[in-house]
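Structural characterization, general
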Amino acid sequence: MMNQYTGQSSKLLKLIILALMGSISMVLMLLNFPLPMLPQYLKVDFSEIPALIAAILFTPLAGVIVEGLKNTLYLIYTGAADPVGVVANFAAGVLFVVPAAMVYHKFKSTKSLVSGIVASSVIMAAGMSVLNYFLILPAYSWFMGWETMSANVKWITILAGILPFNAIKGIIIGALFVPLFIKLKPWIEQKSVRSSKAA
């Protein structure tokens with residue numbers, strides 16, 4: 001009986017942490033800023049950091065859940081003013097958080113986290129370029145009532161804006177997250193051990 005109660009309390013704590021991380025992530029999503037020399041509509045925020053913490057603390061799926069919560073809350077808060085942007089943000093977040101967490105969980109070291117974040121930055125930049133070409137930019141054109149973008153215009157938009165933006169965004173988030181992780185590492189390792197025992 002004791003193990004059952006311990007397992008239930010552990011699951012409840014996990015749900016509370018995920019909900020809290022999703023809420024913090026949504027607030028951070030609102031605190032965004034553009035990068036110089038890049039299109040103004042591409043804005044950096046730090047909302048991937050809580051999702052990355054959740055993915056490292058629990059599993060990569062936990063990071064996906066936080067990304068989903070963040071974007072759902074943002075969609076509700078903004079009244080679904082930009083659903084295409086929300087879907088794009090979710091896709092970018094998943095492409096960044098999941099590979100970094102997978103590499104970390106395999107080796108469980110700061111070095112593996114850095115390697116994972118570098119890999120995630122490349123995956124996010126490449127993945128979002130492909131998604132923008134085939135899905136996101138056409139969806140934006142349809143949603144905004146614009147003329148369909150030609151292949152040439154899409155490539156220019158991606159190479160001059162979307163590709164460098166996502167690469168730089170990954171570097172910025174990684175540069176902030178690694179020192180934060182080093183400070184939180186003892187707590188994260190302690191929580192991870194407890195989670196595995198409860199499971």
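Remember, it's a predicted structure, so these values are computed and weren't measured experimentally.

Parameters and conventions
Residues numbered from 1 in each chain as written. Predicted model: local features only at pLDDT ≥ 70, side-chain atom pairs only at ≥ 80, totals over all residues. Heavy atoms only, no water. Axes fitted to C-alpha atoms, helices over the stretch in contact; angles between N-to-C directions. Helix = DSSP H or I, 4+ residues; strand = E, 2+ residues; numbered from the N terminus. Parallel < 35°, antiparallel > 145°, perpendicular 65-115°, else oblique. Left-handed = near helix turned anticlockwise from the far one by under 90°. Expected span 1.5 Å × (residues − 1). 1 Å grid on protein atoms, 1.4 Å probe; cavity = no way out; pocket = protein on both sides within 12 Å on 5 of 7 lines; lining within 4 Å. Points joined across faces, edges and corners; volume = space filled by probe spheres on them. Nonpolar A, V, L, I, M, F, W, Y, C, P; charged D, E, K, R; others polar. Core = buried A, V, L, I, M, F, W, Y, C linked by side-chain atoms within 4.5 Å. Buried < 20%, exposed > 50% of the residue type's maximum accessible area, 1.4 Å probe, protein only. Contact = heavy atoms within 4.5 Å. Bend = angle between axes of the 7 residues up to and from the residue.

Side note on the packing of helix α4 (residues 83-107) against helix α5 (residues 110-144)
Remark: α4 packs on α5, axes separated minimally by 8 Å, with the N-to-C direction vectors making an angle of 160 degrees. With respect to their mutual orientation, α4 and α5 come out roughly antiparallel. Remark: the crossing between α4 and α5 carries right-handed chirality.

Remarks on α4
Counting along an α-helix, one turn takes 3.6 residues, and residues three or four places apart therefore face a common direction. Over its 25 residues, α4 extends 37 Å from the first C-alpha to the last, a length consistent with the 36 Å expected when each residue adds 1.5 Å. Phi turns positive, to about 55 degrees, at K108, one or two residues after α4.

Section: the layout of surface pockets
Here the largest pocket defines a volume of roughly 770 Å³. Taken together, 26 residues form the lining of the largest pocket, with Y41, L42, K43, G85 and Y140 sitting closest to its centre. Taken together, the elements giving at least two residues each to the lining of the largest pocket come down to α4, α5 and α6 (151-198). It is α5 that contributes the most residues to the lining of the largest pocket, six residues altogether. Looking at side-chain class alone, the lining of the largest pocket contains 16 nonpolar, six polar and four charged residues.

Thoughts on the nonpolar core
With 33 residues, the main nonpolar core has L52, I56, I117 and F177 as its most contacted residues. Only α1 (2-30), α2 (48-57), α3 (60-78), α4, α5 and α6 provide two or more residues apiece to this core. Here this core takes nine residues from α4, the largest share from any one element. Once residues lying within four places of it in the same chain are set aside, the contact partners of L52 are F96, V97, A100, I117 and F177.

Description of α5
In this model, α5 (35 residues) spans only 43 Å end to end at C-alpha, well below the 51 Å of a helix rising 1.5 Å per residue. The sharpest bend along α5 reaches about 65 degrees and sits at N132. Backbone geometry just downstream of α5 places G145 in the positive-phi region, at approximately 75 degrees.

Description of the side chain of S141
Secondary-structure assignment places S141 in helix α5. S141 has contacts with W146, E147 and M149, leaving out every residue within four places of it along the chain.

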